[in-house]
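# Residue-level structure breakdown
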Amino acid sequence: PPPQIFLTFNPIPQIPGHQHWLQRRFLPSDIPIAQPIIHDNIVVLRTTYKQNKFCPEETKKVLEGYKQKHPDLYRMWALGEFVTMEGAILDDWDTVDKVPDGVQVVGYGLDFGFANDPATVVKVYKHNDDFYVDELLYETGLTNQALGLRMKQMGISHNDIIRADSAEPKSIAELKEMGFTVLPSEKSPDYKRAAAQWLRSKHLHLINGSTNLIREIASWSWDRDKHGNQLPKPADGDDHTVDALIYAVYKKERPVLIGRA
């Protein structure tokens, strides 16, 4: 008999005009929840958090809270649907297999994390007004020593410029003691809105394999009030690689203090 192959996945935001290959190959139409669909030698089973008896109550509250405030996120993360995000901040981006030869390296962006939030590192390249972004790290539970070891394993040297959150001076100092060149990226209270507006004028190429980066860029959206009305500021939450990207390019490429419009 032919070998059995099992695939499990969570839907990611759709790129407008394109279908994810899993959706195109296995999900040509709506699939009911918790009802196996058999076609030829393929079985598709769609489940949600409601079928997971081990789902923590806190996770349930977060998912159900999206229903009114962020219905697109509710459809995607709670119901498991492929969704084109309404109110997405960035729409001028695509995915590519690699960075073309000769494209200049801008540097690295680092967003610190530990328990609940991941530490993220992205490498950014620039050609004219286009940026190529590669996700190198997305991991929780890393001490600064472990983070530094990971970065050395990536080939990041003392000659490479890393820009990181200025709110973590101790972490920056510890990485400097390990031989890295880490520059603090200063932030004003309104920096993320200004950075979002600036990034909207750029074209982003995300390197295939940068799973979390692609997911976060596609789902990064404007915040909404309790009535669902869109607000002129980015929503907080799942944007760790986005923060790393902002640290890497915004202050360097736009020579003003982050947050000034």
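### Overview of the overall build of the protein
- The secondary structure content of the protein amounts to 8 helices and 11 strands.
- In terms of overall size, the protein behaves like a compact globule, its C-alpha atoms giving a radius of gyration of 20 Å where 261 residues would be expected to give roughly 18 Å.
- Within the protein, the proportion of its 261 residues that are buried is 44%.
- The contacts of the protein with a sequence gap of at least 6 include a subset with a gap of at least 24, amounting to 60%.

### A short note on unusual backbone geometry
- Not every positive phi belongs to a glycine, and aspartate 40 is a case in point at roughly 55°.
- Among the secondary structure elements, aspartate 40 is positioned in the loop between β1 (37-39) and β2 (42-44).
- The backbone of asparagine 128 sits at a positive phi, close to 55°, despite the residue not being glycine.

### Points about helix α5 (residues 169-177)
- Restricting attention to buried positions, one finds in α5 the residues Ser171, Ile172, Glu174 and Leu175. Each buried residue of α5 lies within a common arc of 160° when the element is viewed along its axis, so the set occupies one face. With respect to the buried face of α5, the exposed residues turned more than 90 degrees away are Pro169, Lys170 and Glu177.
- Tucked into the core, α5 has its buried residues touching β4 (104-111), α4 (144-153), β7 (161-165) and β8 (181-185).
- Where α5 terminates, the next one or two residues include glycine 179, which has phi positive at roughly 105°.

### With respect to helix α7 (residues 211-219)
- Where burial is concerned, most of α7 is hidden: 8 out of the 9 residues are buried.
- Looking at α7, one finds that the buried residues are Asn212, Leu213, Ile214, Arg215, Glu216, Ile217, Ala218 and Ser219.

### Examining the nonpolar core
- Counting 30 residues, the largest nonpolar core has Val124, Ile217 and Val249 as its most contacted members.
- Going through the elements one at a time, β5 (119-127), β6 (130-139), α6 (191-199), β9 (203-207), α7 and α8 (240-253) are the ones with two or more residues in this core.
- The biggest single contributor to this core is α8, with 8 residues.
- Leaving out residues up to four positions away in the same chain, valine 124 has contacts with Gln104, Val105, Val106, Gly107, Phe131, Tyr132, Val133, Leu245, Ala248 and Val249.
- Among the nonpolar cores identified, the runner-up in size contains 16 residues, and Tyr108, Val121, Leu147 and Val182 belong to it.

### Topic: the pattern of salt bridges
- In this structure the tally under the stated criterion is 10 salt bridges.
- Between aspartate 190 and arginine 193 there is a salt bridge; the shortest N-O distance is 2.7 Å.
- Overall, the relative accessible area of 33% leaves aspartate 190 in the partly exposed class.
- One salt-bridge network, held together by shared partners, links Arg46, Arg75 and Glu81.

### Considering the pairing of β4
- Most of β4 is tucked away: 6 of the 8 residues are buried.
- In this structure, β4 lies alongside β5, joined through 7 bridges in antiparallel fashion. Pairing of tyrosine 108 across the sheet is with lysine 123, part of β5.
- Pairing of β4 with β7, which is carried by 3 bridges, proceeds in the parallel orientation. Counted as the bridge partner of tyrosine 108 is isoleucine 162 from β7.

### Thoughts on the packing of α4 against α5
- Orientation of α4 relative to α5, taken along the N-to-C sense of each, is 50°, at an axis distance of 10 Å. As far as their axial angle goes, α5 and α4 are oblique. Every pair of crossing elements has a handedness; the one defined by α4 and α5 is right-handed. On the side of α4, the interface is formed by Asn144, Gln145, Leu147, Gly148 and Met151, while α5 contributes Ser171, Glu174 and Leu175.
- Per-class residue counts for the contact of α4 with α5 are 3 nonpolar, 4 polar and 1 charged.

### Things to note about the sheet that holds strand β3 (residues 93-96)
- Strands sit in the order β3-β9-β6-β5-β4-β7-β8 across an open sheet of 7 strands; the sheet is mixed. Each edge of the open sheet is held by one strand with a lone partner, namely β3 and β8. When strand polarity is set aside, the average angle formed by the axes of neighbouring strands in this sheet is 30°.
- Packed on one face of the sheet, α4 meets β4, β5, β6 and β7 and runs near 130° to β6.
- Along the sheet face, α7 touches β3, β6 and β9 and points at about 120° away from the line of β6.

Rules used throughout
Residues numbered from 1 in each chain as written. Predicted model: local features only at pLDDT ≥ 70, side-chain atom pairs only at ≥ 80, totals over all residues. Heavy atoms only, no water. Helix = DSSP H or I, 4+ residues; strand = E, 2+ residues; numbered from the N terminus. Rg over C-alpha atoms; globule rule 2.2 N^0.38 Å. Buried < 20%, exposed > 50% of the residue type's maximum accessible area, 1.4 Å probe, protein only. Contact = heavy atoms within 4.5 Å. Arc of directions from axis to C-beta. Core = buried A, V, L, I, M, F, W, Y, C linked by side-chain atoms within 4.5 Å. Salt bridge = Lys/Arg side-chain N within 4 Å of Asp/Glu carboxyl O. Pairing = 2+ DSSP bridges. Axes fitted to C-alpha atoms, helices over the stretch in contact; angles between N-to-C directions. Parallel < 35°, antiparallel > 145°, perpendicular 65-115°, else oblique. Left-handed = near helix turned anticlockwise from the far one by under 90°. Nonpolar A, V, L, I, M, F, W, Y, C, P; charged D, E, K, R; others polar.

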